[in-house]
Each structure stands twice: as structure tokens, then as C-alpha cells.
Amino acid sequence: MIQYIIRRVLYAFPLLLGVNILTFVLFFVVNSPDDMARMQLGHKHVTEQAVENWKRQRGYHLPLLWNAEASRASKVTETIFFQKSVGLFWFDFGISDSDRRNIGADIKQRMWPSLAVALPTLVLGLITNICVALLMVLFRRSYLEFGGIVLCVVLMSVSSLFYIIGGQFFIGKLLRLVPISGYDESLQALKFIALPIAIGVLAGIGSGARWYRTLFLEEVEKDYVRTARAKGLSETQVLFRHVLKNAMIPILTGVVVVLPLLFMGSLIMESFFSIPGLGSYTIDAINSQDFAIVRSMVFLGSVLYIVGLLLTDISYTLVDPRVRLS
Amino acid sequence: MNRSPVLEVKNLTVKFGVDNPVVDAIGFEVHAGETFAIVGESGSGKSITALSILRLLPVNASVVADEIKLNGVDLLRKAEYELCKIRGRRVALIFQDPMSSLNPVMTVGEQIAEVLKLHFSMTRQVIRQRVIELMKRVEIPEPEKRVGEYPHQLSGGQRQRVMIAIALAGEPDLLIADEPTTALDVTIQAQILALLKAIQQKTGMSLWLISHDLALVSTMADRIAVMQKGKIVETGLSASIFQNPTHPYTRKLLNALPSMESCLGHQRKQKSSLLKIDDFKVYYPIRKGIFKRVVGHVRAVDGVGFEIERGKTLALVGESGCGKTTLGKALLNLIPAYSGQVIMDGMALHKLTGETLRRKRADIQIVFQDPFSSMNPRMLVSEIIDEGIRALYPEVGTVERQARVVELLERVDLPPDSAHRYPHEFSGGQRQRICIARALAVQPKMIVCDEPTSALDVSVQSQIIELLKDLQKEQGVSYLFITHDLGVVAEIADEVAVMYRGKIVEHGTVDQVLHHPKNAYTRDLLAAVPRLQTSVLR
Amino acid sequence: MVVLWTDALVFVLLFGMSVLSVYMLSNPRMRRPLRQIGASKTGMVSLTVLLFFVAVGLLDSIHFHSKDSNEIVSVLDQWLSPIRLQGEKTYSAPFAAHLFGKELMVLEDGSPVWAYPRLQYGGAHLDDPESELFYDVLMKASIGFIKSAIPAAIVLVLLGKKFLHRKNALISQASAKAVAWTVFWIVVLCGTLLELSSYYHVLGTDKVGEDVLYQATKSIRTGLVIGTLTTLIMLPLAIVFGILAGFFRGWVDDTIQYLYTTLNSIPSVLLIAASILVVQIYMAKNEEQFTSLIVRADMRLLFLCMILGVTSWTGLCRMLRAETLKLREMEYVQAASALGVRRRIILFRHILPNVMHIVLISVVLDFSSLVLAEAVLSYINIGVDPTTHSWGNMINGARLEMAREPLVWWSLTASFLFMFTLVLAANLFADSVRDAFDPRRMG
């Protein structure tokens, strides 16, 4: 077990290195820092001097990979690659391009609002989807199930943007139950996050419940379910005691992958509801073409995903007695 | 013998959708304390009958009957919740495959206890005690320890014992055993059957056995019903059915039964060796640690040696997991061998690689067990058969190749128009014929037959054996016949090698091995094979 | 004729799809699943709706220089020129005869009045919109209905007489009838809308006075291009890598797994955002390469498809790898190697055909999610060019007017209706394709 985890952690390094190199190529080789500077400063009427200043202030004036002018070890360290990309490995994100703020500090501050919205959405969504799917399976081959499937397909076919716009309009604007957007510290945040959570859950029901339904149906057809029925268990007991337990394995492990990513928040949800999380941070960075922040978020996202993969493997051993890590 | 019936079924019909009935107006009864058996080939509707009694079929099945009476109470009039009180309590079921029939994420103790919780009001302590008692009764060693284990941690036989314990937990009046030993090895099968018999004698419950195996049924049942295509064609006392079968189908089944007495007696004069393997080993590496170093090997085949003669058959017998299939595939180079020599016609096959190996592949061919997965479902039969010719004899022209396909189809007794059909249009036995034709197409000197008849019904089984024997006579091809079924061995083999845990423990002529076995394992194996009890009198 | 990049690829794709359908129709093995789709009423109706969308998209993919102005227009633009050219000044509600907002106007007598000005085109033929409007709309609608319903009914009945009673058809009688009704209603709907559109703005106009119905119709092509071209780019990557990884294992497998885990670990929105930023810089640097706005927007659409393709092949690749791993242990593959069949032939003959159902199912399933993704991406400004007509851009534009009282609801409604219809049809069709081709769902 320990050996397995060590091996997986070691395997994460080449992955992160790959991500790192990919982002480096994308941000510094395909585009030169000069391009970025011009983009930021506006295309026309930019003097060479202004570009040079902009680069120097942000540390983009160094050579890419090899600093021939520097002495010995700093031939490697005094480069963009070393300072901008390698630093990410110890979570040194540097400063943002547009307003030169400390990215690391911003991330630390902004990940909590993201989590406050994303985690309840995930948990409530999971519960709702499982309940809906179980109901459909319990009443399989009836009109209730057929109606459920149709409803799921309809819900699936609506863009998430419309859920948000519709929710804001009806709940926030017409009924005035909750504020349309905004955020607050402490418990006051509750009234702000209630609507995004509700909308997030609703938007996920279509595809989620349908997917879980197929998982349940697959289990229902297995032999051990027949044994359970032959024991004299009623249909509901069979579903809850046997089917649910087995189907929860793929469901739970599927959820574990995204757990770490919850810190990253949801892009559109946060920007629509003006929640100061990492999602809206990312959107703002994309809109202001702040490459430093985008680069940091790419790396952070990858780290969290890889952590998620590791957690998935470990969670398998916890919930499935058949799996032993080796 | 005339005791009161536990179960009476009259005029039972089961349909799926609008198709023809799977079970067609059958009636039978099971008496108290007796063993009743329904025998039939696959698709005869025997399992469906059992499931329909307790309404365990999927919702799209329609079950119609005049009456299904359990202890005089009509089950047809019972609501679903009332049936729940009968299932597991009055009638219990055991299924074929104990691995898939047990819930993989619950401990066996929990699964046995579930029945007790459901049907009796007992305290937690009593339940635990009772579970251990039940596990002792089905002879599971160390029940206190096993109680907390999961199904995958037990052996196949132990799993079936757990299934029996689950069935016994409700103290049922009737135990339905649906092919209870088909998925098990022959020695385990004998143990499980003995256990069932002992339990039945102790408790006095009725046992309803469902099986395709006439020999097995003859050792167990008091009364037998023979089922064919959804109908019961013959019912009677076990002894009378085996001695004077009245229905032609029953006679056909009995005749198709392989018997170990019928071995090929003729001895040859001169020996002409075709294949010789020596110290043959197939190992699988075990990798451990952070960098997955190889720390040891699983010895699937561990130093095996034998010779096969031209035009003769060597049967390789063993139970599941003994390495016989691995050996067969490694001979064809489908699995890499670890070490050892394979000499065919004086040529060292184990040294070949690349293009020379590919060319030489014509010499040994293989026929697999499962006729459904051994043909590409998206290819026409003609494409399947001529695939080898195209690969190994590219010089053969299209016209000639097609003629050859037709010829091969005729040879395996299939109509020539089969060439333009797809595999799914054929029955299991016909598919196996196509597979044999495919192997023959490249004119091999030897064919590895990997359990070619195990997936087939008895009557079809004997036809395939006959075909293989005919082909051998005509074309002089040798067989390495891999099987777990000692009955088939006597029908086809000249020599027998018994394999146990990767090694050959006994090797000799059929007569020697089957009738005068020297090795203890061979003797166990032979003793466990159910034989037709033609003189059952009780 | 002007051939844009995406046009060319769309027609390549169309050609590929026709070859595929001819192959599928002529192959006897395909008859069973095809007939199963043909027997499903929802499947066939949704296919009809999809085909209608495709037809609109194709008409919008044939571009040429317009005669009167030197703009690049499509055949669809030409057809819809009355709607396209009859722009108003700014917002107007559906079927309105006046602008949405009050303006300062000068009456004939020279006195200034704060009032709703009449529209330039919408309802311009009416003398007194207050009283006439409702009946006129009803009137025009009925004329449109009759004009389209009668010919449509005649043609369909004639066709039905000829084909409905053919034996052995792939499409069952019931679904053929349902399809005929669908076609009828589509034709009638189009006819009525066209008739109305020459007098009114059926779905209103947007901020710059452009007809919303026209916008929504033009967006069809964008949605379709993203849904299909992305697949075209992703398929070769997924199939080649997935099958190779599963079949050869060893270092090939390790490399490919490394590749897709790395790509997968980057949040796809961010990867798309990063790539689009890069593309934007590239296009800004090489402005001279793009002769006109439409060419530029088209390039960006193509880049978006490519980026989406590169980020989305990993899922299918993983599925194909798993399936190939399973298949290579199948006995027919082993039998083929025992028969001396070369490995690459085994790949093409035994592995590839047996994973194609997964490819097919995933293509139809992905289509709808890609159409939905376009809207979200356009909303974050990393989607299509802001000048391209797309539902995402329509929503994005309308969203800014959300706070306005009374609400400007028609842009949102129009994009919602169009998107919902397309995605719903795609989802329903995908379901019946999956039911027909997934071996686990057979029987």
C-alpha cells in the first residue's frame, strides 16, 4: 500500500513535468514575451522602451532556457524557464502580469469561496441524482420511469447558461427570494450561495441521474441480486442493501477524482454570481489576458487532478474489498 | 414412496414477450423428503421453470399456470409481499455460479445472517451463533475466521457451500438446486453433492435438482423429469428411466453419454513421433515494489514433457487452474514460454521467431472452448475459414481458395451456402464445426483442442467427437485434446496425461490411466466422476 | 465562389458521411441495428430534425461574393436577404411595429415628442398598428400556412403512396408516418415564418437592429461546425492512439497513457483558454493574412475546433484502449495469430471493426455536448469570434440587458429554442443509435 502510493507519487512527477513543459511551450515559445507585452500595452503606438520596461518589471527579459551571460549555476537559474516554470513545483506562482499582485496569496484567499459553492453543489447533487436514479430503477418498466428518462433528456438538453439566467431571473429578480449576485464573509454568505448551489444541482440532474440509472440497471441484472431476491428480500430492500452498495463503488470513485478540483470552482457559476472564487479569478485572467495567472491555474489544476487520481485509487481499496493495490 | 407433495405445478407456461413459450404447459410435483430432478439440455427451460415458481423472472416474462401449490397453498394467489415471506423461508435456491451469485462487497457472514434477520426474530448474538453453526454444517473450515471474509477470498467449492448455508438458514421445506456443481471441478462437485445428500437426509427437506448431466442426476435423484424445448417429455422413477427410457429423446440423451468403458483398444506397432516437448515451462512474473521488479514467478506450467505420435490423440486432463490451457497456448506460441524444448518433425519450434515462426504456424492449429467468442462476429464464414490460407498460402488464387472453403465446409458437414453467412446465424455445435474447418484450412499436422466440447450439450458433444475422430482417420492429424471431462477422454484419446498444479502426475495409455491409475490424484479424479447408476434401488 | 476553410472541411465531412452511410446501407450486417433505429419513432423524428438543421447549415456553408456589395455571403444569406437586410435602428420586440425604447421625435408641426418611433420595416405596411396588427399577423400567418401546407401535403402524400408500402424497408411504417408529419410541420413552420418575416421581425431585433430570427438561423452553422469538425479532428487521434496502446502494450502503451494523462490533467477550459489566447496573439501578429472579417472569424472557428479536438480525444482514446485490451485476448484474435495472420492485418481486420460501434456512439453523444460547450466558451470570450453568429454570442449579448426593464427577452428565448431543439434532437438520436449499436443493450 505505502509502496504503491510512493510509486504513484513518483509517477506524478513526469506528469507535472509534462504539463510544465507544455505550458512553457505554449506561453513562451509559441508566443514571445514581446507579444505578451504588446498585447497588454495595446498594439499600436508602443515604443520598444515600454515593452522592455514591461518585461523587466515582470521578469520576462531573461533568456528562455540558457543564460549565456550569467555565471555558472545562474546560467540555468537566470532564465524564464527556471524562474517562471520550475518555481511552480514548490507552488511559487509569482506575480500577475496585469496588476503585479502576488498570485499565491490571491489563490489562498479565493479558494475558500469556490469551495463553499462547489462542495455543497457536489454533495447535494450526488444525493439528488442517486435518489432520482433509484426511483427510476425501482419503478422500472413503468410510465414513471419513462417520464423520468424523458425529463432527464430534456434537462440535459438545456445549456447550463439558461439554468443560471433563468434562476437569476425567476428566483432573484421576480420572486426576490435571494440576492441576484454577490458574496459575503462568514454565515452571511449563505444567502448568496444558496441559488448557485440550487442551480448547480438542477443543471446536473439530467446527465447525472441518467448515468447513475444505467449503473444501477447494470447491477440489477447481476446474479447476486437474484440470490438476494431468492432470500426473500423485497424489491426496495434489494435495491438499498445490495444494488446501491455495489453501484456506489463506481459512483464514489468517480466523485473522488473531482474532489480536489472543487477548489478551482466553477467558471461560469462564479462569474454570473460574482463570487470571488478561483473560477471568477480565472475568467478575469482570461479576459484581461493575464498569462501568469492562467499559467498558474493550469499547473494548479493539474496538481489537483493528479491528487484526485491518487485519491481515487486509494478510495477503491477502501470501498471495494476485491481491490488490493499492488 | 407416495408421500404428500410439497410442490404441485399444473399446466405452467412461461413466455417472454410475444415469442414462443419457453416453458410450455408443464406439470409435475415434488414430494416431501425426496430428490426430484429435471434434466434437459441448455435452452430447454428448466431453470426458467424454477425461477417462475417463485416469481423471480424479469418483468417482461409472463407466467401462466393452473396452479402452483406449495404445501397446499396456491402461490399464484399470493401478493408480492407474501411471496417474500416464502422465498428463502419455505423454498430456497442455489444457483450455478457461486462467484457471481454472492454479493462481492458483503462478507459471507452478513449474507448468511441476512436470511436469519429477515425471517426470524433473533438477537444479534443468536444470529452470529447460528451463522457459525450453519457454516459448520456445510463443512466450511474455521467458520469463526471465514465469517468476516468476502466471497472472493474463498475457493469455488467454499463459495458454493456458503450458498448452501444461505439456503439452509431459512430451514426450507424445499431446496431448489439449479446446476449447483456445473461451475465446479469434478472433485469439488462430488463433495458438494455428498454434502447436499447428507443435509437432506438430516433435515428431511425435499431437494429439487436441475441439471444437464444425466450421470450426476442418476446418482442423486429419486424421480426424474426429462425436459426438451419447454416440455416435459418423460417423468418417472430414476431407476425406470435409466433402465427403460420410453421417450426417444431420453434414449438419445442416454446414448450420447460418454462412458469411460469405451476406450479405443487397438495398439499400434510402429511409433512415429510428431511432437516432442521436454522440460517445458511457462512462468508469469510477479512484480512488486516501487519499481515493479520481478520478485518471483507463478509457475503455470512447470517442467512438462511428453510426446505425441502422428495421427494419434493425447488427452491432457486436469482441473481448472492446473495449467493445461496455458500449456496448449504456449505450444502455439500465443503465450511466451519460459524455457523448454518443443521439437516438431525434427524442427525446434521454440527457437523460431518473426517471419519463420509465422510460416511455421500452419503446423499446429487450435480449436477453442467457446464457439461464440472464437469467431470475429463481423466476418463471413468464408472469410473466417480462408483467413489462414490467405495468410500462409498467399500463392493460392481466389477461385481455388473459394473451392477449398466449400470443400472444407462439406468436410465438417455444413451446407456450402454457409460460406456467405455470419457466425451468429449458427448454433454452438455448428460454430464449433466452422472453427474446426478454419483450423484444417492450413493443413496442420496437429490441432490443439482446448475443451472443444465443454460448452456444448451432450448430444452435440458426441457429434463433434465423432467428427474429430473421422478427420483424424482421413487426414492423419494429431490432437492434443485438453479437457476436464474424463468421459470424453475415453471416447477419443489414445494416451492420457493427467496434469496437476503445472506438472504431469501420470501419463499412459487410456486403459492404464482410466482403469489402473497409479497416482493418488488420478484416483481421486476418477472416483469423483459421476457415473450412470443403472441399478439404483432404494 | 469563395471557399472558406471550414466550408471545405464541412464538405469533406459530408462526403465522408455519405460514403459511410452508403457502406452501412449496403452491408447486410448493418441491417439489424439500422432497422432498429428505423423502428424507433423518436429516433427517426429526431434524425429528421437534425437533417433539417444540417441542410440549413450546408446552405450557409456555400459562400460567394455578393453582386450588389462586395461582401462574402452564403446561399442562405441570399435566400434570407429580405430578413438580413431589413435591419432596424435598435431593439424591437417580436411582431412590434415600434421600437422598444422611446426616442425624441419631431412631429410634422415641429414640436418635439418623446415617443416610440415606428420601425423602418417591421409592420411598416400598416396604417394604424394599434388596431390592425393582431389581425394582420393572423392573416399573414394563415397565408403562409396555406402556401406551404398545400404543396407539402401533396408531395408527401404522393411520396408516401410510392414508398410507404415497400417491403423490407429499413424504416418501419409507424416511424415513416411520424417522419412525414415532422417534415410537414417543419415545412409549414418555415413557410409561415418566411411569409411573416417579410412583414415583421418575428423574433424581434437586437441592439444593432439585426433580426433575431436571422441571427439564430445563422448560428445553426456555427453549432454544427463545432459539433462535427471537432469530432473529425479528434477521431484520428483517439482511434490511432487508443488502438495502438491497447494492442501493442509495453512502451507504446506507457507513452500514450502518459500523453493522455498529462493532457487530461490540465483543466480543459484552461487549456482551451490558453490556446485561444495564443491563437489571438498569432492572428494579431499576422493580420495581413486575413483578407476580411469573415475569413478571420472563420479561421478562429477552425482553430477552436482544433483546440477542442485536441483536448477532447482522451476520453474516447481511453475507452478504445480498454476495449482493444479486451479484444486482443479474444479467442478469434488468438486464432488469427495462430493462423499466421500478420499483426497489422489483425489490427485492421479484427480489432478496428469491432471497436467502431464505440466510436459511432461516442461521436453522436459528443455532438450535443460540443454544441452546449460552444455557448459556454463564447460566454467566457474564448469561443468563436465575437462577430460570428452563434448562440453563445447571442446569449452573451442579451445577458448585458438582463437588468433592463422591461426585459429584452427575445434574444435569449430565440437562442434557447434553437439550441434546445438541436441538442434535444441530437440527444434523442444518440440514444437510439446507442441502443442499436451497443452490444450490451442488445437482446
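Note that this is a predicted model, so its numbers are computed, not measured.

Conventions adopted
- Residues numbered from 1 in each chain as written.
- Chains lettered and ligands numbered in written order.
- Predicted model: local features only at pLDDT ≥ 70, side-chain atom pairs only at ≥ 80, totals over all residues.
- Heavy atoms only, no water.
- Pairing = 2+ DSSP bridges.
- Helix = DSSP H or I, 4+ residues; strand = E, 2+ residues; numbered from the N terminus.
- Axes fitted to C-alpha atoms, helices over the stretch in contact; angles between N-to-C directions.
- Contact = heavy atoms within 4.5 Å.
- Buried area = accessible area lost by both parts, 1.4 Å probe.
- Salt bridge = Lys/Arg side-chain N within 4 Å of Asp/Glu carboxyl O.
- Polar contact = N/O pair within 3.5 Å; in protein donor to acceptor, adjacent residues only side chain to side chain.
- Expected span 1.5 Å × (residues − 1).
- Buried < 20%, exposed > 50% of the residue type's maximum accessible area, 1.4 Å probe, protein only.
- Patch = residues over 30% accessible without salt bridge, like charges linked within 9 Å, V, L, I, M, F, W, Y side chains within 5 Å.
- Areas by Shrake-Rupley, 256 points an atom, 1.4 Å probe, with all protein chains shown as cover.
- Domains from an automatic or database assignment.
- Core = buried A, V, L, I, M, F, W, Y, C linked by side-chain atoms within 4.5 Å.

Quick look at the sheet that holds strand S20 (residues 495-500) of chain B
Sheet strands pair by backbone hydrogen bonding; their relative direction is either parallel or antiparallel.
All names here are of chain B.
Then comes step 1: Strand order in this open sheet of six strands is S17-S18-S19-S14-S20-S21, and the pairing throughout is mixed. Each edge of the sheet is formed by a strand with only one pairing partner; in this case those strands are strand S17 (364-367) and strand S21 (503-509). Here the average twist between neighbouring strands, direction ignored, is 20°.
Then comes step 2: Summarising the sheet, S20 and S21 pair through six bridges and their orientation is antiparallel. The residue bridging methionine 499 from the neighbouring strand is isoleucine 504, located in S21.
Then comes step 3: In this fold helix H16 (residues 428-440) packs onto S17 and strand S18 (446-450), with an angle of close to 175° to the strand it touches most, S17.
Then comes step 4: Packed on one face of the sheet, helix H20 (residues 520-528) meets strand S14 (313-317), S20 and S21 and runs near 100° to S20.

A word on the interface of chain B and chain C
Frequently, the measure chosen for interface size is the accessible area removed from exposure when the parts meet.
Then comes step 1: Taken together, the contact between chain B and chain C spans 27 residues of the former and 20 residues of the latter.
Then comes step 2: Sorting the residues of chain B by area buried against chain C places Asn376(B), Arg378(B) and Glu387(B) first, and these three jointly supply 30% of that buried surface.
Then comes step 3: The interface formed by chain B and chain C contains two salt bridges.
Then comes step 4: Among the salt bridges present, the one from Glu387(B) reaches Arg349(C), with a minimum N-O distance of 2.9 Å.
Then comes step 5: For the pair chain B and chain C, the interface holds 14 residue pairs in polar contact (both at pLDDT 80 or more).
Then comes step 6: With five residues, helix H14 (residues 381-392) of chain B is the largest single contributor of residues to the side of chain B that touches chain C.

Some thoughts on H16(B)
Then comes step 1: For H16(B), which comprises 13 residues, the first-to-last C-alpha distance of 19 Å matches the rise-based estimate of 18 Å (1.5 Å per residue) to within 8%.
Then comes step 2: The buried count for H16(B) comes to 12 of 13 residues, which makes it a mostly enclosed element.
Then comes step 3: When we look at burial in H16(B), the residues that qualify are Gly428(B), Gly429(B), Arg431(B), Gln432(B), Arg433(B), Ile434(B), Cys435(B), Ile436(B), Ala437(B), Arg438(B), Ala439(B) and Leu440(B).
Then comes step 4: Buried positions along H16(B) lie against S17, H14, helix H15 (398-411), S18 and helix H17 (458-475) of chain B together with helix H12 (331-338) of chain C.

Quick look at a nonpolar patch on the surface
Residues and elements named next belong to chain A.
Then comes step 1: Side chains of Leu17, Ile21, Val25, Val29, Val30, Leu64, Leu65, Trp66 and Val76 sit close together on the surface and give an oily, nonpolar patch of about 770 Å² of accessible area.
Then comes step 2: A total of four residues in the nonpolar patch trace back to one element, the largest contributor, which is helix H1 (residues 2-29).
Then comes step 3: Tracing the chain through its elements places leucine 17 in helix H1.
Then comes step 4: The partly exposed category is assigned to leucine 17, whose relative accessible area is 42%.

Re the sheet that holds strand S13 (residues 293-309) of chain B
Residue and element names in this part refer to chain B.
Then comes step 1: Reading across from one edge, S13-S12-S15-S16 is the order of the four strands in this open sheet, with antiparallel pairing throughout. For this open sheet the edge positions go to S13 and strand S16 (347-348), each flanked by a neighbour on one side alone.
Then comes step 2: Pairing analysis gives five bridges linking strand S12 (residues 273-288) to strand S15 (residues 339-344), with the strands arranged antiparallel. Within S15, the residue paired with lysine 281 across the bridge is serine 339.
Then comes step 3: Across the face of the sheet, helix H12 (residues 324-331) comes into contact with S12, S13 and S15 while running at roughly 110° to S12.

A look at the domain arrangement of chain A
All names here are of chain A.
Then comes step 1: Its domain assignment divides chain A into domain 1 (2-90) and domain 2 (103-319).
Then comes step 2: Relative placement of domain 1 and domain 2: their C-alpha centres are 35 Å apart.
Then comes step 3: Taking both partners together, domain 1 and domain 2 bury about 1600 Å²; carbon and sulfur atoms supply 75% of that area.
Then comes step 4: The largest per-residue losses of area from domain 1 upon contact with domain 2 belong to Leu16, Phe27 and Leu88, which jointly make up 31% of the total buried on that side.
Then comes step 5: Inspection of the region where domain 1 meets domain 2 yields one salt bridge.
Then comes step 6: Ionic pairing is found between aspartate 313 and arginine 8, a salt bridge with its closest N-O pair at 2.3 Å.
Then comes step 7: Summed over the shared surface of domain 1 and domain 2, the result is two residue pairs in polar contact (both at pLDDT 80 or more).

Some points on the nonpolar core
Then comes step 1: Formed by 188 residues in total, the largest nonpolar core has its most connected members in Met297(A) and Trp391(C).
Then comes step 2: Looking at which domains feed residues into this core, each of domain 1 (2-90) and domain 2 (103-319) of chain A supplies at least three.
Then comes step 3: Among all residues touching Met297(A), those that are not within four sequence positions of it are Ile107(A), Met264(A), Leu278(A), Tyr281(A), Thr282(A) and Leu270(C).
Then comes step 4: Core analysis: the next-biggest nonpolar cluster, separate from the first, contains 90 residues, Val115(B), Met163(B), Ala215(B) and Val217(B) among them.

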